[in-house]
Amino acid sequence: MALDRPHGLNSLGFAKAPADTRVVVAMSGGVDSSVVAAQLAEEGYDVVGVTLQLYDHGAALAKKGACCAGRDIHDARRVAEEMGFPHYVLDYENTFREAVIDEFADSYLAGATPVPCIRCNERVKFKDLLATAKDLDADCMATGHYIQRLMGPERAELHRAADMNRDQSYFLFSTTQEQLDFLRFPLGHLPSKAETRALAAKYGLPVADKPDSQDICFVPNGDYASVIEKLRPGAADPGEIVDMEGTVLGEHRGVIHYTIGQRRGLGIGGLADPLYVVKLDPDARQVVVGPKEALAKRTVPVREINWLGDAPFTSRPEWEVEVRIRSTRPPAPAVIRPISETEAEVELATPEQGVSPGQACVFYDPDSTRVFGGGWIHKGVSTDPA
């Protein structure tokens, strides 16, 4: 499982026998974390499986593809029973609502495009669950994420997964150095998901053919707006669709139904050129539209930065890196100019379309697979001066 580990260390990097190494495995009930738990158990580690109950499952029990729903807790428990290690379910519903769901709703209402999976990793899985793992006297905590933890000359480093198609570094940029020292990602070096499923079949796991989760766990069928309306009654108040000069072009059915870059479904046909959503103004209840070129952004303000480089973030006036501003986009060249330890201006070498407040901006080493951390895009994104 571990690659090129120093002599005398077990596969998790400890100078002791696997049987003397306790590892808490965060088990979602899916194939990835189940394989991690089974593999570590087979290697002889003192494995403890933990599954988090994150939200009211009443509406989600019949929903396919959601993580942490009732079916998933059952699946995680079955894997633990078959592999012979203890398994616990922890009720984190209140924590999850306060740390993730409420902010998701408020950010969306503020015209942002939030990424709740990152906040869940940051505020629940790698904070509260990690603290629980330490309370259980674990030496480390392992997850099924596709990302690599490699030992560098200075410290443990975060690297992209070997399988770039499965790489989850965008969702894990806020992992701190202290957390990284305690975490392990046993699947990060695998060349493809096929190898993970082959391991699941090898161990005879009941989840070997289970489909991957697709949606945000508390958003059934990807319908963000209906969830927001339920959490924040009155959030779908109608308002005006205006162009960039403020001319009223039509009426919308609630800012929460629109996203930056959207072209379809605006209901303002009959124009010579297509228009796109370029800004959401929830205070004025306005959806601002403009031509496609108005979406191009070169300068991106970023805050709440988590820096994983060896030298302090503010030790240089600028850093030449690659950045990813959406999970579906490849990293692209950029320059980061630190303003403080946690705030910076990112200048993209090539303007990007659809940059939206609430998304992450993740930093990468252009010369390797290393992840340097990242931050959150906030309002004030300026357009390409050209």
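Predicted model, so just to flag it, every value in this text is computed and none were measured.

Chemist: Any chance you could explain helix α6 (residues 193-202) here in plain terms?
Modeler: Since the α-helix packs 3.6 residues into each turn, any two residues three or four apart lie on the same face. Within α6 the residues assigned to the buried category are Lys193, Thr196, Leu199 and Ala200. Down the axis, α6 shows its buried residues gathered within 115° of arc, on one side only. Of the exposed residues in α6, the ones pointing more than 90 degrees away from its buried face are Ala194, Ala201 and Lys202. Residues of α6 that are buried sit in contact with α1 (31-42). Following α6 by one or two positions, Gly204 adopts a phi angle in the positive range, close to 70°.

Chemist: What exactly am I supposed to notice about the environment of Lys127 here?
Modeler: With respect to the helices, strands and loops of the structure, Lys127 is situated in helix α4 (residues 116-135). A relative accessible area of 53% means that Lys127 is categorised as exposed. Linking Lys127 and Arg329, residues 202 residues apart in sequence, is a C-alpha distance of 28 Å. Apart from the residues within four sequence positions on either side, Lys127 is in contact with Asn121, Glu122 and Gln179.

Chemist: Is there a simple way to think about the side chain of Gln177 in this case?
Modeler: By the element assignment, Gln177 lies in helix α5 (residues 177-182). If sequence neighbours within four positions are ignored, Gln177 has contacts with Arg155, Ala156 and Leu308.

Chemist: Can you walk me through the packing of helix α3 (residues 93-109) against helix α7 (residues 224-231) in this structure?
Modeler: Two quantities define a packed helix pair, namely the angle between the axes and the distance from one axis to the other. Where α3 meets α7, the axes come as close as 10 Å, and the angle between the chain directions of the two elements is 105°. It follows that α3 is roughly perpendicular to α7 by the angle criterion. In contact with Arg97, Ile101, Phe104, Ala105, Tyr108 and Leu109 of α3, α7 contributes Tyr224, Ile228 and Leu231. Here the contact of α3 with α7 is composed, by residue class, of 8 nonpolar, no polar and 1 charged.

Chemist: How should I be thinking about the confidence of the model for the protein chain in this particular structure?
Modeler: Segments scoring low in pLDDT should not have their predicted coordinates read at a detailed level. Mean pLDDT over the protein chain: 88, with 92% of residues reaching 70 or higher. Here residues 57-66 scores under 50 on pLDDT; set against residues more than four positions off or in separate chains, the count is 21 contacts.

Chemist: Would you take a moment to explain empty space enclosed by the protein for this structure?
Modeler: Where empty space is left becomes clear once a probe the size of a water molecule has been rolled over the atoms. As enumerated under the stated definition, the model contains 1 cavity of 30 Å³ or more in all. When its volume is computed, the largest cavity comes out at roughly 40 Å³. Residue classes in the lining of the largest cavity are distributed as 7 nonpolar, 3 polar and no charged.

Chemist: How should the environment of Tyr258 be read in this particular structure?
Modeler: Inspection of the secondary structure puts Tyr258 in the loop between β9 (248-252) and β10 (276-281). Each C-alpha atom of the pair Tyr258 and Val277 lies 7.6 Å from the other, and the pair is 19 residues apart in sequence.

Chemist: Is there a simple way to think about the pattern of salt bridges in this case?
Modeler: Side-chain pairs of opposite charge can arise where the charged atoms are in close proximity. The full count for this structure, using the stated rule, is 25 salt bridges. In this structure, the salt-bridge partner of Arg232 is Asp102, at a minimum N-O distance of 3.7 Å. Of this pair, Arg232 sits in the loop between α7 and β8 (239-242) while Asp102 sits in helix α3, placing them 130 residues apart in sequence. Across the pair Glu347 and Arg337 runs a salt bridge whose closest N-O atoms are separated by 2.7 Å. You can see Glu347 sitting in strand β15 (residues 343-353) and its partner Arg337 sitting in strand β14 (residues 332-338), a full 10 residues away along the chain. Since its relative accessible area comes to 29%, Glu347 is described here as partly exposed.

Chemist: Help me out: how do you make sense of the state of the cysteines in this one?
Modeler: Each disulfide consists of a covalent bond between the sulfur atoms of two cysteine residues. Applying the stated criterion across every chain yields a total of 0 disulfides. Lacking any disulfide linkage, Cys361 is separated from the closest cysteine sulfur, that of Cys117, by 18 Å. Among the residues examined, Cys361 registers a relative accessible area of 0% and is labelled buried.

Chemist: In this structure, what is going on with the sheet that holds strand β3 (residues 87-91)? I would like to understand it.
Modeler: What links the strands of a sheet is backbone hydrogen bonding, and the strands pair in either a parallel or an antiparallel sense. As summarised here, the arrangement of the 5 strands in space is β3-β2-β1-β4-β7, forming an open sheet in which the pairing is parallel. On the outer flanks of this sheet lie β3 and β7 (183-184), each paired with one strand and no other. Examined bridge by bridge, strand β1 (residues 22-26) and strand β4 (residues 140-142) share 3 bridges and lie parallel to one another. Each residue of the ladder has a partner; that of Val23, found in β4, is Cys140. Packing of α1 onto the sheet brings it into contact with β1, β2 (46-53) and β4, and relative to β1 it is tilted by some 165°. Sheet strands touched by helix α2 (residues 70-83): β2 and β3. Its angle to β3, the strand with the most contacts, is close to 155°.

Chemist: Explanation requested: α2 in the structure shown.
Modeler: Counted at 1.5 Å a residue, the expected span for α2 with its 14 residues is 20 Å, and the 20 Å between its end C-alpha atoms agrees. Of the residues making up α2, those classed as buried are Asp72, Ile73, Asp75, Ala76, Val79 and Ala80. Viewed along the axis of α2, the buried residues span an arc of 160°, placing them on a single side of the element. Gly84 lies just past α2 and shows a positive phi near 80°.

Chemist: How do you make sense of the sheet that holds β8 when you look at a structure like this?
Modeler: Taking strand neighbours across the sheet as the criterion, the 4 strands line up as β9-β8-β11-β10 in an open arrangement whose pairing is mixed. Pairing within the sheet leaves two strands with one partner each, and these edge strands are β9 and β10. Pairwise comparison of adjacent strand axes, ignoring direction, gives a mean angle of 30° for this sheet. Pairing of β10 with strand β11 (residues 286-290) involves 5 bridges; the strand directions are antiparallel. The partner of Val277 across the bridge, within β11, is Val289.

Cut-offs applied
Residues numbered from 1 in each chain as written. Predicted model: local features only at pLDDT ≥ 70, side-chain atom pairs only at ≥ 80, totals over all residues. Heavy atoms only, no water. Buried < 20%, exposed > 50% of the residue type's maximum accessible area, 1.4 Å probe, protein only. Helix = DSSP H or I, 4+ residues; strand = E, 2+ residues; numbered from the N terminus. Arc of directions from axis to C-beta. Contact = heavy atoms within 4.5 Å. Axes fitted to C-alpha atoms, helices over the stretch in contact; angles between N-to-C directions. Parallel < 35°, antiparallel > 145°, perpendicular 65-115°, else oblique. Nonpolar A, V, L, I, M, F, W, Y, C, P; charged D, E, K, R; others polar. pLDDT = per-residue confidence, 0-100. 1 Å grid on protein atoms, 1.4 Å probe; cavity = no way out; pocket = protein on both sides within 12 Å on 5 of 7 lines; lining within 4 Å. Points joined across faces, edges and corners; volume = space filled by probe spheres on them. Salt bridge = Lys/Arg side-chain N within 4 Å of Asp/Glu carboxyl O. Disulfide = S-S within 2.5 Å. Pairing = 2+ DSSP bridges. Expected span 1.5 Å × (residues − 1).

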